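Spelled out, the chains give:
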Amino acid sequence: MQNTQQIPESRKCEPAKYAYKKLSYSEEFEVIQSLRKDKVFCDIKLVTVDDKILFAHKVVLASASPYFHAKFTKCSERNHIVMKQLDSTALELSVNFIYSGEIVVTEENVQALLAAASLLQLREVKEACCDFLNSQLRPTNCIGITAIADKYSCTKLLTSSELYIQDHFSEVVDGDEFTSLSPEQVVELISSDKITVPSEEKVFECVIRWVKHELDSRKCILPQLMEHVRLPLTSKHYILKKVAEEPLIKNCLKCTDYVMEALNFHILNSEELIPQNVRNTPRHGDKLILVVGHDNVINESIFGKRTGYNFIAINTTEWFDPKINQCLNGPEMIKRCRGAGLAVVNENFVFAVGGVESFSTFLRSVEILDLSSESPSWKSSVHMLVERNFPGVGVINNYLYAVGGHNKSDSALDSAEVFDYNTQEWRMVSSMCTKRYDFGVGVLNNLLYAVGGCDKPFQALDIVECYHPSLDTWTTVAKMSVRRSQVGIGVLDGVLYAVGGCDGSKTLSSVEAYRPSTGVWTTIVDMHLPRRRAGVVALNGLLYVVGTRGQNETSTENCTEYYNPKTNTWTMVTASMNYNRNPVGVVAINRPQYLKKCQHS
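Small disclaimer: the values here were computed from a predicted structure and weren't measured.

### A closer look at the packing of helix α7 (residues 142–151) against helix α8 (residues 155–167)
No. 1: Interaxial distance between α7 and α8 falls to 9 Å at its minimum, and their mutual angle equals 155°. It follows that α7 is roughly antiparallel to α8 by the angle criterion. Handedness of the α7/α8 crossing: left-handed. Here C142, I143, I145, T146, A149 and D150 of α7 come into contact with α8, specifically with L157, L158, S161, E162, Y164 and I165.
No. 2: Its residues assigned to classes, the contact of α7 with α8 comprises eight nonpolar, two polar and two charged.

### Section: the side chain of K58
No. 1: Take K58: it is sitting in helix α2 (residues 58–64).
No. 2: For the buried K58, no salt bridge exists, and the shortest N-O distance to an oppositely charged side chain is 5.5 Å, to D43.

### Quick look at the environment of Y67
No. 1: Along the chain, Y67 falls in helix α3 (residues 66–74).
No. 2: Leave out the neighbours within four places in its chain, and Y67 touches M83, Q85, L119, L120 and Q121.

### A word on the sheet that holds strand β14 (residues 378–380)
No. 1: Strands sit in the order β11-β12-β13-β14 across an open sheet of four strands; the sheet is antiparallel. Each of the sheet's edge strands pairs with one partner strand only, and the pair in question is β11 (341–345) and β14. Between one strand axis and the next, the sheet turns through 30° on average, direction left out of account.
No. 2: Summarising the sheet, strand β12 (residues 349–353) and strand β13 (residues 366–370) pair through five bridges and their orientation is antiparallel. Bridge pairing in β13 places V353 opposite V366.

### A few points about the pattern of salt bridges
If charged atoms from side chains of opposite charge come close, those side chains can pair.
No. 1: Applying the stated criterion across every chain, the model contains 14 salt bridges.
No. 2: Put simply, D174 and K202 hold a salt bridge, and the shortest N to O gap is 3.0 Å. With D174 in the loop between α9 (169–172) and α10 (176–179) and K202 in helix α12 (residues 201–213), this pair connects stretches of sequence that are 28 residues apart.
No. 3: Given the relative accessible area of 18%, K202 is considered buried.
No. 4: One salt bridge connects D438 with R533, and the closest N-O pair in it is separated by 2.5 Å. One end of the pair, D438, is in the loop between β18 (425–429) and β19 (440–444); the other, R533, is in the loop between β26 (520–524) and β27 (535–539), and 95 residues separate them in sequence.
No. 5: By relative accessible area, which is 12% here, R533 ends up buried.

### What about the sheet that holds strand β25 (residues 511–515)?
No. 1: Strand order across the open sheet formed by four strands is β23-β24-β25-β26, with antiparallel pairing between neighbours. Two strands lie at the open edges of the sheet, namely β23 (488–492) and β26, each paired on one side alone. The average undirected angle you get between the axes of adjacent strands in this sheet is 25°.

About the criteria used
- Residues numbered from 1 in each chain as written.
- Predicted model: local features only at pLDDT ≥ 70, side-chain atom pairs only at ≥ 80, totals over all residues.
- Heavy atoms only, no water.
- Axes fitted to C-alpha atoms, helices over the stretch in contact; angles between N-to-C directions.
- Helix = DSSP H or I, 4+ residues; strand = E, 2+ residues; numbered from the N terminus.
- Parallel < 35°, antiparallel > 145°, perpendicular 65-115°, else oblique.
- Left-handed = near helix turned anticlockwise from the far one by under 90°.
- Contact = heavy atoms within 4.5 Å.
- Nonpolar A, V, L, I, M, F, W, Y, C, P; charged D, E, K, R; others polar.
- Buried < 20%, exposed > 50% of the residue type's maximum accessible area, 1.4 Å probe, protein only.
- Lys, Arg positive; Asp, Glu negative; His and termini not counted.
- Salt bridge = Lys/Arg side-chain N within 4 Å of Asp/Glu carboxyl O.
- Pairing = 2+ DSSP bridges.

Here it is, written out as structure tokens:
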């Protein structure tokens, strides 16, 4: 017998029986569809907008559509329904789907089908329409598809189309759909932290283009739009030659205020006296977290008895994508090293600084990853002046600082050096007040903070100091409430966070925050897990903590959690890294171009 599933059932002391369940109803549905076409046993007529009549069976329609079920239950005696709110072709296709389970979605019928599926509550047809529209996303139609998704409450399609607009902002604003947006929609788009733009110049130019499209009615809205253009992030030359010379800007007093603010930013920038606001804060864009782990723990044994452990350095990297909650393999580094510091310069260049290849080979070497490349790969860069394992690294105005750490000739270092990307040279700067390694570094208000660490083995520090680049001096600030070596540091919304670490005897799950305005450290809620040498990075208003070494030397975790300052809560991320990593270096980066192509192909 074909197309059957046999389920023998027998129990002791029970009558024997044989259960049969048919696996497919296609033959029956073909018969029912044939009956409908021949108008046999049909008990309902659907009248379309153009007075076309569709014959059907109430029981079939009600079994598939909650809309029809409610209609027929309420008015069981009626033998016809007027469906003039739906396109006749879409209604017929929907009824055919109920009888056959098949439907073909095209560019011509998708909107009408989506309207019909939404009214009739045909979930599968609605999903098919959304899948089709998602596959058709282009810079020329994504705004329209977003409007359709919003109209019919297609949550998944709405999310994907909005992400598409953010990822393809430059192409989208050059299209005709952009000029048809309402003022509120333009404000929502250009105020977003998540749009990916090559420079803020593109945002200014699209605002001028939108206003000029209907100049008489839109010029009064220009000040409202310019509030969301981050002019300070454009070059001084562009501001003077393009922005200030634009007639629309010249004739708008409020707009000239924004020009002056941007010019003042460039003047104050050299003196590091910048009052921070939204317009001088870089956009998040389409960001990933780059994870660089440095070793696996290997237990050593003789004749089956554990004698100790060793660390095997690895050179693998991976991207964590918070949009899809997934870890993807990244390009392998050149060296198998551990203890390197990680930082991003000029938005697109990731530097891995120093570290150690073995317990005796300390490194001055530096590797660089160009994210703007079609196929990013790690390359060697200019060596530091000093060998540094577990250095602290940070970037101020695209200058890369490497401070502290330790090497084979000194248990801990207080020296510091800076790399000028333009000249490709390292030079020494003033030394820290305290020798330290295994510490955390954060940049806040153009100051470099060195937090905690060790000055000798198992001697955790609570000392914090900050470096003023314009003065070339280090200044101590308030001590942490807890001594923390191997501490992770993150900066989010003007707050410096010290995350986990080791107090000299145990691994910590506690976290504390420093606000320069108050000059004190305050404790916040604990993480879910104790962590040391974890990677910490701010992304999209959240503070991510990646990986850890646990309570003992050989335990590592590949899990991630994030802190939301608005709710003062930690949340575990369900995605796990592909490797256990310790220590962990992380940075937020722009999504590489080749990953964008994979995502939208």
